[in-house]
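Structure assessment
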Amino acid sequence: MTGSLKIGIDVGGTNTDAVVVAADGSVVAATKSATTPDPLDGIRSALSTVIAEVDRGAITQAMLGTTHPANAIIRRRDLLRVGVLRLAAPATLGVRPAASWPADLLAEIIGPSEIIRGGHEFDGNEIAPLDEDAVKRFAAACAGTVSAIAVSAPFSPANTDHELRAAEILAAELGPDHQISVSHAVGALGLLERENATILNASLLGVARTVIDGFRAALLANELDVESYLTQNDGTLMTVEDAARFPVLSLGSGPTNSMRGACSLAGLSDALVIDVGGTSADVGVLADGFPRESAAAVEVGGVRTNFRMPDLISIGLGGGSIVTGGPGEVTVGPDSVGYRVVDEALVRGGSTLTLSDISVRGGRLTGFGDPGLVEGVPQQVVDAALEWVDRQIRHMTDRMKPSRHEMPLIAVGGGSHLVPDVIPGISEVVRPPHHAVANAYGAAIAEASGSIDRVFRYDDSSREACLDEARRLATEAAVRSGADPARIRVTAVHEVPLTYVPGQACRVQVKAAGPLA
């Protein structure tokens, strides 16, 4: 089995999971432990445990999915202060950058911001020449006041010239201490949402460096000098070098890892997936093996963005959810003991009634603590709590189903014991082997990908020629991300006709993916 093992690690709010996976997809070793106050401690611990009985010389790659960036935004901690430069005047002057942000996040992140002349139309023609003197004046305003800069421009995914030139000038004026994010590399079409995503990305650059350095240190401490990757929102991989530049692309990787892992472990490519953790439950849809992406703008920490995120419904339902009240007035969550469920739950000798206690008392969970410690919980409380759980899961699956027809539901995660065996509208509930570590498994088997999001004018050639060009560009992007050129496949093609502009203009989004070379 020399040279054939991969490590997958996923850091969630409640658990840190790790698996070692062979080339044929079988799980060689797995571990699940409570997330530590410093997540990097949990990564080091999980890594040491999972490779204890494995030939380290056979490990060639390591993949990490982490909640570090999402937690930094939610908790408003460790974020860099950012200067914001938009290249669009005289257009867009009526809406300032970060105009709709929450006040606390605005105060934490946003430094000097300007809208200067520049940018392009949808067809690549200039709105106005780039005002290079204004870029230099903006650099002077940022010097000593911010650590990173976000640069955005209308339709920059179609024409990157002005963003790249502005970044070049800023780098020359400010030096290497100021990191620069350009919007065409971060988000899709849609200026304001892409600008927001770019600002968040710039603010997370320090967090990204901490995570990557910690991940590499954990690997080296275990004598693992291997290729390392981070998982991103769409279920594919990016190198640690790209992860250091685009941390915002990993914000939603946790649920995606679970869905990809569930798909492979269950052998189903089209199904609903429910991932129940210690604090929350997420339900999504698999289409051809990949999570269905959200078509709407996604809010992160109260900020609208337009980068790729899975289409999910999430509620506060998990193994650590706190149950209060007596017969006739039972309340479940949303408060949770989270990763402390192993100490706080009644069956573990703790003092808090949780859904894990209810599951043990109701016969859905075995092997977790002492059932004798919950014999005193009234049956009416158990019935009411489980009825609430079943009702919430039924509502979530009904809302997420793409049609009224029955389809299978894959249940994964450490709290998946709460999912009932029979659910109306669900053909069967599938609990694949190693379902408790599906998220880490999903990270281990993730593929490299590339995508293109651009406006084409079908009048210039033909629809078929434009789509072929988009497929070629997406495939080339996948190769640059590390995919094996011989095994790349196009996984999605979306066309959105722009009837309000001439030339049969159409927005084309294409994604290609393949195993690592």
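Residues numbered from 1 in each chain as written. Predicted model: local features only at pLDDT ≥ 70, side-chain atom pairs only at ≥ 80, totals over all residues. Heavy atoms only, no water.

Looking up the protein chain in an unreviewed UniProt entry gives the name Hydantoinase/oxoprolinase family protein, with the organism given as Nakamurella alba.

Right, let's get into the overall build of the protein chain. Within the protein chain, the regular secondary structure consists of 14 helices and 23 strands. Viewed in the frame of its principal axes, the protein chain has a C-alpha envelope of about 75 × 55 × 50 Å. Expressed as a percentage of the 517 residues in the protein chain, the buried residues total 55%. Sequence-distant contacts in the protein chain: of pairs separated by 6 or more residues, those separated by 24 or more amount to 68%. Roughly 20900 Å² of accessible area belongs to the protein chain as shown, and the carbon and sulfur atoms make up 48% of that amount. Here the protein chain holds 42 positive side-chain charges and 62 negative ones, and the gap between their average locations is 2 Å. (Helix = DSSP H or I, 4+ residues; strand = E, 2+ residues; numbered from the N terminus. Buried < 20%, exposed > 50% of the residue type's maximum accessible area, 1.4 Å probe, protein only. Contact = heavy atoms within 4.5 Å. Areas by Shrake-Rupley, 256 points an atom, 1.4 Å probe, with all protein chains shown as cover. Lys, Arg positive; Asp, Glu negative; His and termini not counted. Charge placed at Lys NZ, Arg CZ, Asp CG, Glu CD.)

Mapped onto the fold, serine 250 is located in the loop between helix 8 (240–245) and helix 9 (253–266). Overall, serine 250 belongs to the buried group, its relative accessible area being 3%. In this structure, the C-alpha to C-alpha distance between serine 250 and phenylalanine 290, residues 40 residues apart in sequence, is 16 Å. A distance of 2.9 Å separates a polar atom in the side chain of serine 250 from the backbone oxygen of proline 247. (Polar contact = N/O pair within 3.5 Å; in protein donor to acceptor, adjacent residues only side chain to side chain.)

With that out of the way, let us pick up the packing of aromatic side chains. Two descriptors summarise a pair of aromatic rings, namely the distance from one centre to the other and the angle between the planes of the rings. Applying the stated rule across the entire model yields zero aromatic pairs. When the ring centre of phenylalanine 368 is taken as reference, the NZ or CZ atom of arginine 348 above it lies at 5.0 Å. (Phe/Tyr/Trp six-rings, centres within 6.5 Å; stacked < 30°, edge-to-face > 60°. Lys NZ or Arg CZ within 6 Å of the ring centre and 35° of its normal.)

The next subject is the packing of helix 4 (residues 132–142) against helix 5 (residues 161–174). Two elements in contact, helix 4 and helix 5, have axes separated by 9 Å at closest approach and are oriented at 40 degrees. By the angle between their directions, the pair helix 4 and helix 5 is classed as oblique. Where helix 4 crosses over helix 5, the handedness of that crossing is right-handed. Contacts between helix 4 and helix 5 involve Glu132, Val135, Lys136, Phe138 and Ala139 from the former and Arg165, Ala166, Ile169, Leu170, Glu173 and Leu174 from the latter. Of the residues belonging to the contact of helix 4 with helix 5, the class tally is seven nonpolar, no polar and four charged. (Axes fitted to C-alpha atoms, helices over the stretch in contact; angles between N-to-C directions. Parallel < 35°, antiparallel > 145°, perpendicular 65-115°, else oblique. Left-handed = near helix turned anticlockwise from the far one by under 90°. Nonpolar A, V, L, I, M, F, W, Y, C, P; charged D, E, K, R; others polar.)

Tallied over the entire structure, the rule returns 24 salt bridges. Of the charged contacts, one joins aspartate 390 and arginine 364 as a salt bridge, the two residues approaching to 3.0 Å between their closest N and O atoms. Of this pair, aspartate 390 sits in helix 12 (residues 379–400) while arginine 364 is found in the loop between helix 11 (355–361) and helix 12, placing the two residues 26 residues apart along the sequence. Accessibility expressed as a relative area gives 22% for aspartate 390, which makes it partly exposed. Residue aspartate 421 pairs with arginine 431 through a salt bridge whose shortest N-O separation is 2.9 Å. (Salt bridge = Lys/Arg side-chain N within 4 Å of Asp/Glu carboxyl O.)

In this section: the pairing of strand 8 (residues 179–182). Relative to strand 8, strand 7 (residues 148–152) is paired through four bridges, and the arrangement is parallel. Across the sheet, the residue bridging to alanine 150 is serine 181, located in strand 8. Considered for its hand, the β-α-β crossover made up of strand 7, helix 5 and strand 8 is right-handed. (Pairing = 2+ DSSP bridges. Right-handed = clockwise from strand over helix to strand, strands pointing away.)

Taken domain by domain, the protein chain holds domain 1 (78–205), domain 2 (269–434) and domain 3 (447–514). Between the C-alpha centres of domain 1 and domain 2 the distance comes to 41 Å. Contacts between the two partners involve 14 residues from domain 1, matched on the other side by nine residues from domain 2. Summing both partners gives a buried area of about 760 Å² for domain 1 against domain 2, and 61% of it is carried by carbon and sulfur. When the area that domain 1 buries against domain 2 is broken down by residue, the three leading residues are Pro102, Glu193 and Leu200, summing to 49%. (Domains from an automatic or database assignment. Buried area = accessible area lost by both parts, 1.4 Å probe.)

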